[in-house]
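Tertiary structure, described
The residues making up each chain are set out below.
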Amino acid sequence: MSRKSSESVLTELRQLLADLAPDTGDRLPAERVLSMRLGCSRETLRKGLSDLEKEGEIWRNVGQGTFRGARPRHLPVRDTLLLEGATPPDLMRARILLEPQVAAEAARRADAADVAILRKLVAEGRKAADRTACEQIDDAFHRTVALVSRNPILIGFLTYLSGARRRAAWQKEWDRTYRRLGADEFRTAHGDQHENIVNFIASADVISASSAMADHLETVEAAMSPGRS
């Protein structure tokens, strides 16, 4: 492997960000993949990543990965200690307790542009090709509902839960659920539930938006239950 300067690697890293992680919150590939792609040592790569983190271009979380954007202020430095102890059922119960209220607040605050973005995500979900696409679009939909609430505390909680969904335990359970139900159910029934939530948000129906989100998440919880055939 040729020896590259830290300055050269930093320049190439900046160029790669637009391709590998164009949006805030996107996760970068593992250090092993990045070092191979850049043709540099792990030590040189880490210095470049450290420089980007100081500039607010990325943030790193041990055990979860490296993400585009500045480190969210709401995330504690040692949040991985909580995530490592959380199971998929823990995560689903937390979502069921929180997200219906987030949907209710979104119904209070949404404007036409917000609704258009949510409808676009619903349409993309209906065209998702595989498990990875389903998961990414579903995550984007729920994070966007939080953004529509315009409440930084609620946004922070949903971002935190979104990080938990990247953990191996969740991904393993989601993959098992996906194989059992098949892609069509995620594109149709799952999409119908998302669309229902958006319709209530669009009509500023606070109570129905909350109820629709609760019903949706309880459906997901039941699908992920180990006892389901």
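Further up the page is the structure itself.
The rules behind the values
- Residues numbered from 1 in each chain as written.
- Predicted model: local features only at pLDDT ≥ 70, side-chain atom pairs only at ≥ 80, totals over all residues.
- Heavy atoms only, no water.
- Salt bridge = Lys/Arg side-chain N within 4 Å of Asp/Glu carboxyl O.
- Helix = DSSP H or I, 4+ residues; strand = E, 2+ residues; numbered from the N terminus.
- Buried < 20%, exposed > 50% of the residue type's maximum accessible area, 1.4 Å probe, protein only.
- Contact = heavy atoms within 4.5 Å.
- Axes fitted to C-alpha atoms, helices over the stretch in contact; angles between N-to-C directions.
- Parallel < 35°, antiparallel > 145°, perpendicular 65-115°, else oblique.
- Left-handed = near helix turned anticlockwise from the far one by under 90°.
- Polar contact = N/O pair within 3.5 Å; in protein donor to acceptor, adjacent residues only side chain to side chain.
- Core = buried A, V, L, I, M, F, W, Y, C linked by side-chain atoms within 4.5 Å.
- Expected span 1.5 Å × (residues − 1).
- Arc of directions from axis to C-beta.

**Focus on the pattern of salt bridges**
- Under the counting rule described, the total for this entry stands at 13 salt bridges.
- For Arg-150, the salt bridge identified is with Asp-114, shortest N-O distance 2.8 Å. Of this pair, Arg-150 sits in the loop between helix 7 (131–149) and helix 8 (152–164) while Asp-114 sits in helix 6 (residues 112–126), and the two are 36 residues apart along the sequence.
- Accessibility expressed as a relative area gives 11% for Asp-114, which makes it buried.
- The network of salt bridges with common partners includes Asp-111, Asp-114 and Arg-150.

**Brief notes about the environment of Leu-45**
- The residue Leu-45 is located in helix 3 (residues 42–54) in this model.
- Leu-45 sits in the buried class, given a relative accessible area of 0%.
- Each C-alpha atom of the pair Leu-45 and Val-9 lies 6.8 Å from the other, and the pair is 36 residues apart in sequence.
- Residues within four places of Leu-45 in sequence aside, it is in contact with Val-9, Leu-13, Glu-31, Leu-34, Ser-35, Leu-38 and Cys-40.

**Considering the packing of helix 11 (residues 189–202) against helix 12 (residues 206–224)**
- Packing of helix 11 against helix 12 leaves a shortest axis separation of 8 Å and a crossing angle of 165°. Taken together, the axis directions place helix 11 and helix 12 in an arrangement best described as roughly antiparallel. In the packing of helix 11 onto helix 12, the handedness of the crossing is left-handed. When helix 11 is examined against helix 12, the residues His-190, Gln-193, His-194, Asn-196, Ile-197, Phe-200 and Ile-201 are found in contact with a partner set consisting of Ser-208, Ala-209, Ala-212, Met-213, His-216, Thr-219 and Val-220.

**Overview of the side chain of Ser-35**
- Structurally, Ser-35 can be placed in helix 2 (residues 31–38).
- Among the polar contacts made by the side chain of Ser-35, one reaches the main-chain carbonyl oxygen of Arg-32 at a distance of 3.0 Å.
- If we ignore the near neighbours within four places in the chain, the residues touching Ser-35 are Cys-40, Ser-41, Arg-42 and Leu-45.

**A word on the side chain of Arg-68**
- Within the element layout of this structure, Arg-68 appears in strand 2 (residues 65–68).
- Residue class for Arg-68 comes out buried when judged on its relative accessible area of 18%.
- A polar atom in the side chain of Arg-68 sits 3.4 Å from the backbone oxygen of Leu-17.
- Setting aside chain neighbours within four positions, we find Arg-68 in contact with Leu-17, Ala-18, Ala-21, Pro-22, Asp-23, Thr-24, Gly-25, Asp-26, Leu-28, Glu-57, Ile-58 and Trp-59.

**Some thoughts on the nonpolar core**
- In terms of nonpolar packing, the biggest core is built from 31 residues, with Val-102, Leu-118, Phe-141, Val-145 and Ile-201 touching the most fellow members.
- For this core, the secondary structure elements donating two or more residues are helix 5 (88–109), helix 6, helix 7, helix 8, helix 11 and helix 12.
- In this structure Val-102 touches Val-145, Ala-146, Ser-149, Leu-154 and Leu-158, once residues within four positions along its chain are discounted.
- Counting 14 residues, the second largest nonpolar core, distinct from the first, contains Ala-21, Leu-34, Leu-38 and Leu-52.

**Re helix 3**
- Taking 1.5 Å of rise per residue, 13 residues should cover 18 Å, and helix 3 covers 18 Å from first to last C-alpha, within 8% of that figure.
- Looking at helix 3, one finds that the buried residues are Thr-44, Leu-45, Gly-48, Leu-49, Asp-51 and Leu-52. The buried residues of helix 3 occupy an angular sector of 155° when the element is viewed end-on, so they sit on one face. Every exposed residue of helix 3 that faces more than 90 degrees away from the buried side is listed here: Glu-43 and Lys-54.
- Looking at the buried residues of helix 3, the elements they touch are helix 1 (6–20), helix 2 and strand 1 (58–61).

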